[in-house]
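Chain residues, written in single-letter form:
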Amino acid sequence: MESKKEDVRRKHIRLHMEGALTARDKVGVQDFVLLDAYTSESAFVDNLRKRFNENLIYTYIGTLLVSVNPYQELGIYTVSQMELYQGVNFFELPPHVYAIADNAYRMMCSELNNHFILISGESGAGKTEASKKILQYFAVTCPMTQSLQIARDRLLLSNPVLEAFGNARTLRNDNSSRFGKYMDIQFDFQGIPVGGHIISYLIEKSRVVYQNQGERNFHIFYQLLAGGEEERLAFLGLERDPQLYKYLSQGHCAKESSINDKNDWKTVSNAFSVIDFTEADLENLFGIIASVLHLGNIGFEEDDQGCATIPDTHEIKWIAKLLGVHPADLLEALTHRKIEAKTEEDFTRKTVIGLLDIYGFEVFDKNGFEQFCINYCNEKLQQLLIERTLKAEQAEYEMEGIEWEPIKYFNNKIICDLVEERHKGIISILDEECIRPGPATDLSFLEKLEEKVGKHAHFETRKLAGPKGRKRIGWMEFRLLHYAGEVTYCTKGFLEKNNDLLYRHLKEVLCKSKNVILRECFLRAELENRRRPPTVGTQFKNSLSSLLEILISKEPSYIRCIKPNDRKEPSKFDDFLIRHQIKYLGLMEHLRVRRAGFAYRRKYEHFLQRYKSLCPDTWPHWHGPPAEGVERLINYMGYKPEEYKLGKTKIFIRFPRTLFATEDALEFCKHQLVARIQATYKSCLGRREYVKKRQAAIKLEAHWRGALARKAIQRRKWAVRIIRKFIKGFISRNKPLCPDNEEFIVFVRKNYILNLRYHLPKTVLDKSWLRPPGILENASDLLRKMCVRNLVQKYCRGITAERKAMMQQKVVTSEIFRGRKDGYTESLNQPFANSRINEGDINPKVLQLISHEKIQYGVPVIKYDRKGFKARQRQLILTQKAAYVVELAKIKQKIEYSALKGVSTSNLRDGILVIHVSPEDKQKGDAVLQCGHMFEAVTKLVMLVKKENIVNVVQGSLQFFISPGKEGTIVFDTGPEEQIYKNKNGQLTVVSVRRKS
């Protein structure tokens, strides 16, 4: 029986595992090592996209952190987040930069070894922000005393100063780091930060004197001009407009809306004060910065002997003042050449945790000397990453006794080794060209490359390339195959940038400078050194070697930063750009190293502690060796032999799906276990509560039933008394008021009044009224009259003067037409207008002719000729004295009200009206008009004429005056449709629609 239950339990676990795996496929995995298709770049990008769309910007590749710049604030860098990751096992929480920082700190404290965190990526990928977050994490979570607060602030505020002097706007990023930065953070034996040290690598010095289109010089120049005090700028001889300086305006974007140089200046100024720059230090520093701007504005000319001269020495005087040198010496040094170099000072440091913010692999449309050095650095760092990862993996497998064949996975390492050999060769040839006697050019350098390294498998020029490759390589270019792909470099400027010489005469002038900073940079003892200084390439190669020595001596952590798009838009994921960066960051190769053997490994104790609930033999306690417990557990779970290996202290799981299945089974088991515990506990609590409630309920019910019974008896007695009293009152309701009917009558009155308030009439025309009882008929009549009076008063108060006038007109209309003409009833709801014609619709000439009279009313009409009855569009305009029939700019007929004999219209629905005039007044005759607003027009005319009984409503026909001795006839009839026409008898026939019955 027990065996059958166990089989059912296993089946449920397996089914749940499959469902959970499907859900996981939709949201991605937080460690790329757990990808099934780990060799597929598409699967890699797809997992990155899923997490990015859910604002999960961090993903692991083992212990390497991949960070995608979200270009928006996600709220994941709060103090509570820092506390959440503090002291927690690396894989217990989702990936985060705080996990990397905390893991490095805990390893440093527990194992007393040095550590470094390498941050790399393209410009704009968020490298600088990542380093800031790590510094903030250490500042908040590390033990801190008041005396060490200053050291912490100096570490944090060194960033604004470094960015001001080492960052600039490029085509890809408004705050692009143009140097590599290595920062050591020193801790004491208690884990308290006690100091720091910063080294910069390969600052892009050429940017000081030249910027490409759309790019700017280093931030500090623009910040000083935008935010510097007026007194400081005046002392430095500077103006606020950056367009005045050649070194700031070559990129044609000196002022950029996305950069607030004035606010940034405040941040940098505050940082200077915190990191103990004195006013004298700042004066010397800004003197050097201002002298660079003045130097860029110096104009050189050629004299008759072909020598350089400076006609305008205005800028020379400012530079001499700011640097504390004699103007004549400076002028001589700038126009005459003495070549000498200075030696380089070695650094000594003691560090525990290092933070390396380094530029990523760069591939532009045009790649020069800077990109060559940057990519060489990335080759070395990629080689270091692969070697350290390979070494760590190999050591772990050997220690655990697990067989592993890694060689086939590391072609990338071979490429890195070859690239290192090739880079060293190119730098050596470049140095030879710089120091050899005779003229050396970029073209001769390229030819020497073809001669010395032309046979290298990863080197190619236009001359050495095949027919297809030549089209893609210029005459001054060479191509290298890096670990991340091919890059074409242009040799123009290689020799000049590699030389980087400071001529002896200039060095002698600067050694005499009163500027303290310059005196520290240019020592007089160096003038005695006659050795040629190392070239930029050699300096960079040597500093990179020293950096690698530092990194090799420390335990590594890695952060690879990726920018999702070039426009810095949040939530936009550019697949092509992402694939480009995955390739150049070597992420797929690193993943293949991590997945060369087993995807997951964990100590027996931790594995058993986490998953022991999945097997009855190990739950709740396992009392034997952890290795045996793990073996019993995985046998119960049904692990296949090819899915795992058992080491000396760890279990190694090959496939991510196996781990996912185990994890999902654990989640399912947790729910079952929690449900069982909850059910048992709730049952116990429920029984306890039930007993207490049952006893209390019995007692309450007994008392409550007694109270209800007593209350019911009292209520019944009261009801009997009330009913008896109302019966007596009803019987004697018509008798005079007495004790027997008093309460009943009061109730009836009150009830009637209360009901009446819901049935009051709402308008004057509403005649409804609630029927009163017999004893309240008189009171009801009085209330009804009062209500009607109030409604009438309220109605009268609400009538405006305009509406009153209109109602008076309606009264006149009623007196004339009510019961006499069809259509009158329908016109009642149609309000009268003051006029149907705007003054703007009347011809100005007409207005001028009748300007002495005020227009009272106007309406469009159709006038029928008295002879031929031809219809013509006219306007009927009524003034105070006369009626005018107007055609455009002419007054066709003026009818004085004194000469108006009457107005005739039919009893039908037509709009015909005839204005009769007296023949003796020399009028043209009666006016036959058709009007769409006949009731309104006639009413207005009657009220203006002020004569009684002038409107005649006729039936059948009417006669009108045409001319002396001649009359016309209008016949009115009904029919299926309206018509107006001249009949055979020469009469005007008006047909109206029949009335509806």
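Reading guide: rules and limits
- Residues numbered from 1 in each chain as written.
- Predicted model: local features only at pLDDT ≥ 70, side-chain atom pairs only at ≥ 80, totals over all residues.
- Heavy atoms only, no water.
- UniProt positions renumbered as here; feature names shortened; annotations may be inferred.
- Phe/Tyr/Trp six-rings, centres within 6.5 Å; stacked < 30°, edge-to-face > 60°.
- Helix = DSSP H or I, 4+ residues; strand = E, 2+ residues; numbered from the N terminus.
- Buried < 20%, exposed > 50% of the residue type's maximum accessible area, 1.4 Å probe, protein only.
- Expected span 1.5 Å × (residues − 1).
- Arc of directions from axis to C-beta.
- Contact = heavy atoms within 4.5 Å.
- Pairing = 2+ DSSP bridges.
- Disulfide = S-S within 2.5 Å.
- Patch = residues over 30% accessible without salt bridge, like charges linked within 9 Å, V, L, I, M, F, W, Y side chains within 5 Å.
- Areas by Shrake-Rupley, 256 points an atom, 1.4 Å probe, with all protein chains shown as cover.
- Salt bridge = Lys/Arg side-chain N within 4 Å of Asp/Glu carboxyl O.
- Axes fitted to C-alpha atoms, helices over the stretch in contact; angles between N-to-C directions.
- Parallel < 35°, antiparallel > 145°, perpendicular 65-115°, else oblique.
- Left-handed = near helix turned anticlockwise from the far one by under 90°.
- pLDDT = per-residue confidence, 0-100.
- Core = buried A, V, L, I, M, F, W, Y, C linked by side-chain atoms within 4.5 Å.
- Domains from an automatic or database assignment.

- Per an unreviewed UniProt entry, the recorded name for the protein is Myosin IH, and the organism is Macaca fascicularis.
- Listed in UniProt under the heading Sequence similarities (unreviewed entry), the comment for the protein reads: "Belongs to the TRAFAC class myosin-kinesin ATPase superfamily. Myosin family."

**Points about the packing of aromatic side chains**
- Applying the stated criterion across every chain, the model contains 28 aromatic pairs.
- Between Phe32 and Phe44, the ring centres sit 3.8 Å apart and the planes meet at 10°, which makes this aromatic pair stacked. Linking Phe32 in the loop between helix H1 (2-27) and helix H2 (41-53) with Phe44 in helix H2, this pair joins segments that are 12 residues apart in sequence. Phe44 carries the same exposure label as Phe32, and that label is buried.

**Things to note about helix H27 (residues 742-756)**
- For H27, spanning 15 residues, the distance from its first C-alpha to its last is 21 Å, which sits close to the expected 21 Å at 1.5 Å a residue.
- Buried residues of H27: Phe744, Ile745, Val748, Tyr752 and Leu756, and no others. One face of H27 carries all of its buried residues, which in axial projection span an arc of 100°.
- The inward-facing, buried residues of H27 contact helix H26 (656-731) and helix H28 (777-797).

**Some details on the pairing of strand E20 (residues 855-864)**
- Summarising the sheet, E20 and strand E21 (residues 871-879) pair through nine bridges and their orientation is antiparallel. Bridge assignment links Gly858 to a residue of E21, and that residue is Ile877.
- Connecting the antiparallel pair E20 and E21 is a turn made up of six residues, with Phe869 showing a positive phi of about 55°.
- In the sheet, E20 pairs with strand E26 (residues 927-931) via four bridges, with the strands oriented antiparallel. Note on E26: the bridge partner recorded for Tyr864 is Val928.

**Concerning the state of the cysteines**
- Scanning all chains against the criterion turns up zero disulfides.
- Here Cys109 is not disulfide-linked; the sulfur of Cys142 is the nearest cysteine sulfur, at 7.4 Å.

**Observations concerning the environment of Arg472**
- Residue position: Arg472 is located in the loop between helix H17 (467-470) and strand E13 (477-482).
- In this structure, the C-alpha to C-alpha distance between Arg472 and Arg462, residues 10 residues apart in sequence, is 8.1 Å.
- In contact with Arg472, other than residues within four places in its own chain, are Glu477, Arg479 and Glu486.

**A few points about a nonpolar patch on the surface**
- Taken together, Val764, Leu765, Val788, Val792, Tyr795 and Met807 make up a surface patch of nonpolar side chains, about 500 Å² in accessible area.
- For the nonpolar patch, the element with the most residues is H28, which contributes three residues.
- Tracing the backbone shows Leu765 in the loop between H27 and H28.

**Considerations on the pairing of strand E29 (residues 966-975)**
- Alignment of strand E28 (residues 957-963) against E29, held across six bridges, turns out to be antiparallel. Residue pairing across strands places Ser963 opposite Lys966, the latter belonging to E29.
- Hairpin connection from E28 to E29: two residues lie between these consecutive antiparallel strands, with Gly965 at a positive phi of about 85°.
- Looking at chain direction, E29 and strand E31 (residues 988-993) are connected through six bridges and run parallel. From the neighbouring strand, Val971 faces E31, where its bridge partner is Thr989.

**Focus on the packing of helix H24 (residues 604-611) against helix H25 (residues 626-637)**
- Between H24 and H25, the least distance of the axes is 9 Å, while the angle of their chain directions is 45°. Relative to H25, the element H24 lies oblique. Like other packed secondary-structure pairs, H24 and H25 cross with a definite hand, here left-handed. Facing H24, whose interface residues are Tyr604, Glu605, Phe607, Leu608 and Tyr611, H25 presents Pro626, Ala627, Gly629, Val630, Leu633 and Ile634.

**Observations regarding helix H14 (residues 369-400)**
- Here H14 spans 47 Å end to end across 32 residues, near enough to the 46 Å set by a 1.5 Å rise per residue.
- Counted residue by residue, H14 has 25 buried out of 32 residues, so it is predominantly covered.
- Note on H14: the residue one or two positions beyond its end, Gly401, has a positive phi of about 75°.

**A short note on the side chain of Asn284**
- Tracing the chain through its elements places Asn284 in helix H11 (residues 279-296).
- When its relative accessible area of 14% is taken as the criterion, Asn284 is described as buried.
- Each residue touching Asn284, except ones within four places of it in the same chain, is listed here: Asn515, Val516 and Ile517.

**Here's the deal with the sheet that holds strand E18 (residues 644-646)**
- Spatial ordering of the open sheet is given by E17-E19-E18, a layout of three strands whose pairing is antiparallel. Looking along the sheet, the strands with just one partner apiece sit at the ends: strand E17 (600-603) and E18. Looking at each pair of strands side by side, their axes are set apart by 15° on average, direction ignored.
- Where E18 lies against strand E19 (residues 650-653), three bridges are found, and the strand directions are antiparallel. Considered in E19, the bridge of Leu646 is made with Ile651.
- Strand contacts of H14: E17 and E19, with the helix running at about 120° to E19, the strand carrying the most contacts.

**So, unusual backbone geometry**
- Here the bond from Trp619 into Pro620 is cis, since omega is 5°, no more than 30 degrees from zero.
- Tracing the sequence through the fold places Pro620 in the loop between H24 and H25.
- In this structure, Asn55 takes a positive phi of about 60° despite not being glycine.
- With respect to the secondary-structure elements, Asn55 resides in the loop between H2 and strand E1 (58-61).
- Judged by its relative accessible area of 40%, Asn55 is partly exposed.
- Positive phi outside glycine occurs at Phe869, with the angle close to 55°.
- For Phe869, a relative accessible area of 9% gives the class buried.

**Some thoughts on the confidence of the model for the protein**
- Residues at a pLDDT of 70 or more form 90% of the protein, whose mean pLDDT is 82.
- Per-element confidence in the protein is highest for strand E27 (residues 951-954), whose mean pLDDT is 94, and lowest for strand E10 (residues 339-340), whose mean pLDDT is 40.
- Low pLDDT, under 50, characterises residues 347-351; the stretch is placed with 10 contacts to residues that sit more than four places away or in other chains.
- Every residue in residues 407-416 scores below 50 in pLDDT, and together they form 21 contacts with partners more than four places removed in sequence or on other chains.

**Description of the pattern of salt bridges**
- A complete count under the given rule lists 31 salt bridges for this structure.
- The residue Glu743 makes a salt bridge to Lys725 at a minimum N-O spacing of 2.9 Å. Taken as a pair, Glu743 in helix H27 and Lys725 in helix H26 lie far apart in primary sequence, 18 residues in all.
- The class for Glu743 is partly exposed, based on a relative accessible area of 40%.
- Residues Lys894 and Glu896 are paired through a salt bridge, measuring 3.1 Å at the closest nitrogen-oxygen approach.
- A residue is classified by how much of its surface remains accessible, and Lys894, at 34% relative accessible area, is partly exposed.
- One salt-bridge network, in which partners are shared between bridges, spans Asp46, Arg49, Lys50 and Asp575.

**Regarding the sheet that holds strand E23 (residues 890-896)**
- Sheet architecture is open: eight strands sit in the order E23-E22-E21-E20-E26-E25-E24-E27, paired in mixed fashion. The open sheet terminates on both sides in strands that have one partner only, identified here as E23 and E27. Averaged over all pairs of adjacent strands, the angle between their axes in this sheet comes to 30°, without regard to strand direction.

**Digging into the nonpolar core**
- Judged by nonpolar contacts, the single largest core of 88 residues is most densely connected at Phe478 and Phe607.
- Counting residues per element, this core draws most heavily on H14, at nine residues.
- If you count residues domain by domain, this core takes at least three from each of domain 2 (411-506) and domain 3 (611-717).
- If we skip the residues at most four places from it in the chain, Phe478 touches Phe372, Ile426, Leu446, Leu449, Phe459, Glu460, Thr461, Val487, Thr488, Tyr489, Thr491 and Phe494.
- One finds Phe90, Leu93, Met108 and Phe187 within the second-largest nonpolar core, a separate group that totals 34 residues.

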